[in-house]
Structures are given as structure tokens and as C-alpha cells.
Amino acid sequence: MKSTISFREALNLALVREMETDPSVFVFGLDVPDHKRIFGSTAGLVEKFGSRRCFGTPLSEDAMTGVALGAALCGLRPVHVHIRADFLLLAMNQIGNMLCNLRYMSGGKLRIPLVIRAVIGRGWGQSAQHSKSLHGMFAHFPGLKVVLPTTPQDAYSLLRSSIQDDNPVIFLEHRWLYDIRGDVDEDHATPLGLPVVRQEGDAVTIICTSWMTVEALKAAEVLAKRGVHLEVVDVRTVAPLGTEILIRSVNKTRKCIVADYDWLFCGFSAELAALIGHHCFGNLDLPVERLGFAAVPCPTTRPLETLFYPSAVKIIRLVESMLGIGESSLDGESFYSYEQRFVGPF
């Protein structure tokens, strides 16, 4: 069955289908059954499946993640919702010492079919404690899988694949993606660990994570008017990381920008730059460039946020510099259109 739905509706549909298919799947976390239903992504679950399979929890991240782990070890498939990725740090003992290790420490006898959903924030007022991504940190731990969907189809397919996986998965959803609409084929399965080329081109490869895919596609749209065609590659799954598509694209264009939705220093972008440098060294015309958060905590006001976050404009200017062409006039172009929908953090 195919339909055109929003990112939030795709997440909801994936949960419904998995809960219908497998009675061991349940959804829980802070505010999961409240009136907002995690930005609408858990709407209708209580009504359809009851409060034993969809329920709220105390504000106790470490303890509730331990409950999720115990449930997974006992044969259930919990989907634990943390709302904001920042506060996963409060559960790092469970995540970094327990979840990622127990299957290995048991010689493969224990399964940990657990999905942790967390929202990446953005929008004025979110500031330093509601804006982190942390995917690079989680990917650092062997045994964890880390997923960042960017389209409704991937929200649906990758969430279903994550729930069906017998290993712990960190599933990170950017807040601004919830309003994006797209076609979703319910029969389409997307395995974890497979990047996708969102747009083909021959000028520069832009390797993206999460929201940066949206920014890169906007940059590609603007630069195409000058005959500059970017190749946009969406990583989708940070761990496991499929490298073949990335390497093939960079060997074709001979130039690469890693546009990561995170800080640059010691981050996932550095890992990708090293990987591309190693595998594509003989074909690169220029060093790999990186774009990411400014090296400061996230500011609160909208003008400072614009400076803090990487954007389509920054991609455009960096591509022009790499190609040695003059700056495009951006008059009449519409940027930050999703930001205009954000009316405040509360």
C-alpha cells in the first residue's frame, strides 16, 4: 500500500504495523500518552493497543532505560522514547556499559531487541540543552546501531527494521523533519547500514546526516541554476556504516563535503573524512571539507542560531570556493522555510 504522509505519520504507522504484527512490541517513555503524543508520532496507540502496551514513565532516564533493557532481555521488544537526545546522557551507564555489551559478554546467547527513540531539537529557545545530536558518540560504542532517517519512507522503513533487529538501536529524529511529507510504500523494506544517493551529480559529493540532507538538496537546487550539479548522499545509518556508495560517489566527483549535523571536532564528520581520504586519496582533486555546528554551545536566539548551524547557504559558498567560481546571487531564494513554522519551544 502506498500513501503520501508526513514524517510523524510515517513513524506512527511503523509503530502501529509492528505492534499489530508482534504482540511483544510495546512503546513507553516520558509523555508518550499525553495530549501531544510525542509531536503526534504516538497518536492513537493507547486507544488501539491499551495502556499495557503504550504508557508514560517517571522522569528517570537511567532507571527507565534499565527497565527497557530488562524487558528486552525477557523476550519483549520495547520502543523507549526519550523525547530529547540531550537527556540520553543521563542514561549513559545503561547505554554505554549495559546495552552495547551484554550480547557480546553472553557469547551471543542474549538478545537485546530494544529501540531508543530520541528527538534532535532545533528552533529559537531550544538552546544548549535541547539541541544536541550525539550520533557520533553513540556510534563509538560497538554493539549499538545508530539511525538518522530523513524522509517519511525512511522513518517508516528504518523504524520497522530497527524494531525487528535483535540488537539495541538508537533512532534519532530531527524535530523539523516531522512536517515533511512524502510517498510511503508500506511494503518497502530498508535494511540498516545502507546510504542512499538522494540526487545525482558530478561536481561535488555532499555526504549528509539528518537535517543536513534537506539543506544539501536546497543547495543543489540553487547551484543547478548555474550548471553546477551536486551529488547528495544521505548516510541514514551511522552504525553500521555502509561505505561502498560513499566511496563510489566521491571517486566519481573527485570532491567531497561532509555536512554533519553535529560538532566537527572528534565527531562523525572526522571519521568520514578519514575514510574518504584513505579510500579515495588518489582520486581527490581537493582535501575533504567539513561543515557542522560552530564550536560553541547552541545559542538561544534565532539570529545566533543561524550562525551556529550549517546551512544550504554555507554549502553553496563552500562549493563555490572549492570550484573557484564567483558567488551566486541568492536574491529571491527561500531559505529556512521550516524554521518559519516554529513558534517557540513551549
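Structural notes, computed from the coordinates. Fair warning: this is a prediction, and the values are worked out from it, not measured in the lab.

1. Some words on the sheet that holds strand 9 (residues 196–199)
- Reading across the sheet, the five strands line up as 9-11-10-13-14 and stay open at both edges, with mixed pairing between neighbours. Of all strands in the sheet, those with a lone pairing partner are strand 9 and strand 14 (289–293), marking the two edges. The sheet shows a mean angle of 25° between the axes of neighbouring strands, direction not considered.
- When strand 9 meets strand 11 (residues 231–234), the two strands line up antiparallel, connected through three bridges. From the neighbouring strand, V197 faces strand 11, where its bridge partner is V233.

2. Observations regarding the nonpolar core
- In terms of nonpolar packing, the biggest core is built from 108 residues, with I95, F138, I206, L230, I276, I315 and V319 touching the most fellow members.
- Among the elements that take part in this core, helix 1 (residues 7–21) stands out by supplying eight residues, more than any other.
- Residues within four places of L230 in sequence aside, it is in contact with Q199, E200, G201, V204, I206, A219, A220, L223, I315 and V319.

3. A few points about the pattern of salt bridges
- One pass over the full model with this rule turns up 26 salt bridges.
- Residues D166 and R111 are paired through a salt bridge, measuring 3.0 Å at the closest nitrogen-oxygen approach. Of this pair, D166 sits in the loop between helix 7 (152–164) and strand 7 (169–174) while R111 sits in the loop between helix 5 (102–105) and strand 5 (115–120), and the two are 55 residues apart along the sequence.
- Residue R198 is joined to D234 by a salt bridge in which the shortest nitrogen-to-oxygen separation is 2.9 Å. Of the two residues, R198 sits in strand 9 while D234 sits in strand 11, which places them 36 residues apart along the sequence.
- Each member of the salt-bridge network shares a partner with another, and the members are R17, E20, K48 and E186.

4. As for the pairing of strand 7
- Burial analysis of strand 7 places six of its six residues in the buried class, which makes it a mostly covered element.
- Judged by which residues are buried, strand 7 turns out to be covered on both faces: V169, F171 and E173 on one side and I170, L172 and H174 on the other are all buried.
- Sheet analysis places strand 5 next to strand 7, joined by six bridges and oriented parallel. Residue pairing for strand 7: R117 is matched across the bridge by F171.
- In this structure, strand 6 (residues 145–147) lies alongside strand 7, joined through three bridges in parallel fashion. Counted as the bridge partner of V147 is F171 from strand 7.
- For the handedness criterion, the β-α-β arrangement of strand 6, helix 7 and strand 7 is classed as right-handed.

5. Remarks on the packing of aromatic side chains
- This model, assessed by the stated rule, comprises 13 aromatic pairs.
- With a centroid separation of 5.7 Å and 80° between ring planes, the pair formed by W263 and F293 is classed as edge-to-face. Residue W263 is found in strand 13 (residues 256–263), and its partner F293 is found in strand 14; the two are separated by 30 residues along the sequence.
- Measuring from centroid to centroid gives 5.0 Å for F293 and F308, while their planes differ by 35°, and the two rings are tilted.

6. Points about the side chain of E173
- Relative to the helices and strands, E173 resides in strand 7.
- In this structure E173 comes out as buried when scored by relative accessible area, which is 0%.
- At a separation of 2.6 Å, a polar atom in the side chain of E173 contacts the side chain of R117.
- Excluding residues that lie within four positions of it along the chain, E173 makes contacts with F7, L11, R117, A118, V119, I120 and Y178.

7. Here we look at helix 8 (residues 212–224)
- The first and last C-alpha atoms of helix 8 sit 18 Å apart over 13 residues, in line with the 18 Å expected at 1.5 Å per residue.
- When helix 8 is considered as a whole, its buried residues turn out to be M212, T213, E215, A216, K218, A219, A220, V222 and L223.
- Packed against the buried residues of helix 8 are strand 9, strand 10 (205–208), strand 11, strand 13 and helix 12 (312–323).

8. Some words on helix 10 (residues 268–280)
- Here helix 10 contains 13 residues, and its C-alpha end-to-end distance of 18 Å stays within 8% of the 18 Å for a straight helix at 1.5 Å per residue.
- Restricting attention to buried positions, one finds in helix 10 the residues F268, S269, L272, A273, L275, I276 and C280. All buried residues of helix 10 project into a common sector of 165° when viewed along the axis, lining one side.
- For helix 10, the elements touching its buried residues are helix 6 (135–139), strand 10, strand 12 (237–239), helix 9 (244–253), strand 13 and strand 14.

9. Points about the packing of helix 9 against helix 10
- With their axes 10 Å apart at the nearest point, helix 9 and helix 10 run at an angle of 60° to one another. Considering the relative orientation of helix 9 and helix 10, their crossing is right-handed. Here L246, I247, V250 and N251 of helix 9 lie close against helix 10, whose contacting residues are L272, L275, I276, H279 and C280.
- Per-class residue counts for the contact of helix 9 with helix 10 are seven nonpolar, two polar and no charged.

Conventions adopted
Residues numbered from 1 in each chain as written. Predicted model: local features only at pLDDT ≥ 70, side-chain atom pairs only at ≥ 80, totals over all residues. Heavy atoms only, no water. Pairing = 2+ DSSP bridges. Helix = DSSP H or I, 4+ residues; strand = E, 2+ residues; numbered from the N terminus. Axes fitted to C-alpha atoms, helices over the stretch in contact; angles between N-to-C directions. Core = buried A, V, L, I, M, F, W, Y, C linked by side-chain atoms within 4.5 Å. Buried < 20%, exposed > 50% of the residue type's maximum accessible area, 1.4 Å probe, protein only. Contact = heavy atoms within 4.5 Å. Salt bridge = Lys/Arg side-chain N within 4 Å of Asp/Glu carboxyl O. Right-handed = clockwise from strand over helix to strand, strands pointing away. Phe/Tyr/Trp six-rings, centres within 6.5 Å; stacked < 30°, edge-to-face > 60°. Polar contact = N/O pair within 3.5 Å; in protein donor to acceptor, adjacent residues only side chain to side chain. Expected span 1.5 Å × (residues − 1). Arc of directions from axis to C-beta. Left-handed = near helix turned anticlockwise from the far one by under 90°. Nonpolar A, V, L, I, M, F, W, Y, C, P; charged D, E, K, R; others polar.

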